[in-house]
Amino acid sequence: MRNKDILDTIDPILKEIFDFYDISHTKADVNIHMEEGYPIGTDIYIITGFFNSEMYVQRMYIVKEEIDSIIDKKIVKLVEDIKDNISNRDKFNIHKKDYDMPHSGFS
């Protein structure tokens, strides 16, 4: 299971969770390797979704050598983390605030 299979698996699940979402795919470079310890070339999936006008961002890292069953478990964990994040925001009433824009002085 690689990129297309992973995206095909995640896509219908995200359609059920989010009003709108995007999945970005990139590979770990030297910076990611140094900062987070993932091997260079690790697949990184960045999921950005909107639910009730709130933005949620999750990352999933897939190392080249991982087998399909591990990837399946990571997808399940990703979905659980997204659902927990949404649930916790609602439970703790953490939402974006409407801030007044400062007056620029120009009228």
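Remember, it's a predicted structure, so these values are computed and weren't measured experimentally. (Residues numbered from 1 in each chain as written. Predicted model: local features only at pLDDT ≥ 70, side-chain atom pairs only at ≥ 80, totals over all residues. Heavy atoms only, no water.)

Draft legend 1. Structural context of the confidence of the model for the protein chain. Scored by pLDDT, the protein chain has a mean of 84; 84% of the residues are at 70 or more. Put simply, helix α2 (residues 30-36) is where the protein chain has its lowest mean pLDDT, 89, and strand β2 (residues 43-51) is where it has its highest, 95. Segment residues 97-107 is flagged for pLDDT under 50; beyond a separation of four residues in sequence, or across chains, it makes zero contacts in the model. (pLDDT = per-residue confidence, 0-100. Helix = DSSP H or I, 4+ residues; strand = E, 2+ residues; numbered from the N terminus. Contact = heavy atoms within 4.5 Å.)

Draft legend 2. Spotlight on the pairing of β2. Note: strand β1 (residues 20-27) against β2, eight bridges, orientation antiparallel. Residue pairing for β2: Ser24 is matched across the bridge by Ile46. As paired elements, β2 and strand β3 (residues 54-62) share nine bridges and run antiparallel to each other. Within the sheet, the bridge partner assigned to Ile46 lies in β3 and is Arg59. Counted between consecutive antiparallel strands, the loop separating β2 from β3 contains two residues, among which Asn52 sits at a positive phi close to 50 degrees. (Pairing = 2+ DSSP bridges.)

Draft legend 3. Structural detail: unusual backbone geometry. The phi dihedral of Asn52 falls on the positive side, at around 50 degrees, and the residue is not glycine. Given the relative accessible area of 53%, Asn52 is considered exposed. (Buried < 20%, exposed > 50% of the residue type's maximum accessible area, 1.4 Å probe, protein only.)

Draft legend 4. Examining the sheet that holds β3 more closely. The strand order across the open sheet built from three strands is β1-β2-β3, with neighbouring strands paired in antiparallel fashion. Whereas interior strands pair on both sides, the edge strands pair on one side only; in this sheet they are β1 and β3. Adjacent strand axes in the sheet meet at a mean angle of 15 degrees when their direction is disregarded. Helix α1 (residues 3-17) rests against β1, β2 and β3 of the sheet, and its axis sits at about 155 degrees to β1. Sitting on the sheet, helix α3 (residues 68-91) is in contact with β2 and β3, with an inclination near 160 degrees to β3. (Axes fitted to C-alpha atoms, helices over the stretch in contact; angles between N-to-C directions.)

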